[in-house]
Amino acid sequence: MKKDRERLLTSFCRGVAHPDVSGFEVLELLDIRSALAQQEGELSREAKRKLEKADSLFLAHAQQFYATVTEIADLKEMRKKAAIPPSHWWLYLEKLVRVRAAV
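Quick look at the structure, then. (Residues numbered from 1 in each chain as written. Predicted model: local features only at pLDDT ≥ 70, side-chain atom pairs only at ≥ 80, totals over all residues. Heavy atoms only, no water.)

### Digging into the overall build of the protein
Right, so step 1: When you go through the protein residue by residue, the secondary structure sums to 6 helices and 0 strands.
Right, so step 2: Along the protein, from the amino end to the carboxyl end, the secondary structure elements read α-α-α-α-α-α.
Right, so step 3: Principal axes of the C-alpha set define a box for the protein whose edges measure 35 × 25 × 25 Å.
Right, so step 4: Counting all 103 residues of the protein, 38% fall into the buried class.
Right, so step 5: Once local pairs closer than 6 in sequence are excluded, the contacts in the protein between residues at least 24 apart make up 73%.
Right, so step 6: For the protein, the accessible surface area stands at approximately 6700 Å², while carbon and sulfur atoms represent 53% of it.
Right, so step 7: Here the protein holds 18 positive side-chain charges and 15 negative ones, and the gap between their average locations is 5 Å. (Helix = DSSP H or I, 4+ residues; strand = E, 2+ residues; numbered from the N terminus. Buried < 20%, exposed > 50% of the residue type's maximum accessible area, 1.4 Å probe, protein only. Contact = heavy atoms within 4.5 Å. Areas by Shrake-Rupley, 256 points an atom, 1.4 Å probe, with all protein chains shown as cover. Lys, Arg positive; Asp, Glu negative; His and termini not counted. Charge placed at Lys NZ, Arg CZ, Asp CG, Glu CD.)

### A closer look at the packing of helix α1 (residues 2-16) against helix α2 (residues 23-38)
Right, so step 1: Relative to each other, α1 and α2 sit at 140°, their axes nearing to 9 Å. Between α1 and α2, the interaxial angle falls into the category oblique. Between α1 and α2 lies a crossing whose hand is left-handed. From α1, Arg5, Leu8, Leu9, Ser11, Phe12, Gly15 and Val16 reach across to α2, where they touch Leu29, Ile32, Arg33, Ala35 and Leu36. (Axes fitted to C-alpha atoms, helices over the stretch in contact; angles between N-to-C directions. Parallel < 35°, antiparallel > 145°, perpendicular 65-115°, else oblique. Left-handed = near helix turned anticlockwise from the far one by under 90°.)

### Let's talk about the packing of aromatic side chains
Right, so step 1: Tallying each qualifying case throughout the model produces 4 aromatic pairs.
Right, so step 2: Residues Phe58 and Phe65 carry aromatic rings whose centres are separated by 5.3 Å and whose planes lie at 25° to one another, so their mutual orientation is stacked. The exposure classification of Phe58 matches that of Phe65, with both residues buried.
Right, so step 3: Centroid distance Trp89 to Trp90: 5.4 Å. Interplanar angle 80°. Geometry classified as edge-to-face.
Right, so step 4: Taken together, the aromatic side chains of Phe12, Phe58, Phe65, Trp89 and Trp90 make up a single cluster linked through ring pairs.
Right, so step 5: A cation over a ring is seen here: Arg33 above Phe12, with NZ or CZ 6.0 Å from the ring centre.
Right, so step 6: Note that Arg79 overlies the ring of Tyr92, its terminal NZ or CZ placed 4.0 Å from the centroid. (Phe/Tyr/Trp six-rings, centres within 6.5 Å; stacked < 30°, edge-to-face > 60°. Lys NZ or Arg CZ within 6 Å of the ring centre and 35° of its normal.)

Everything listed here is a matter of geometry and, on its own, says nothing about what the molecule does.
So this is what it looks like as C-alpha cells:
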C-alpha cells in the first residue's frame, strides 16, 4: 500500500510539471489526484509537503490542463455522473480557471 501511495505521488508530481500533455493524460492526472485524496490521511509529513507543492504547480497550470481536457471530456458531466464532492477541487478545473482569471 505504501509503495502504491509513493508511486501515485511520484506520478502526480511528474505529471503536473508537464502541462503540455494530451487530454487523456490530464484525465489520468485527475484520477491519480483523486486516488491520493483517498489516502491523504496515511501520507507522511514529507509526502504531504510534496503533494502541496504539486497541487500548487497543478493550480499554476490549471488553464492549460483545462484547455486540453475539454477537447475530449465534459468535466461537469463527469462530476455529475460520479457524484464528485467539491472537496475534490482538482476536478473543478473550469471553476479554478475562472477564479484565477478574476484574481
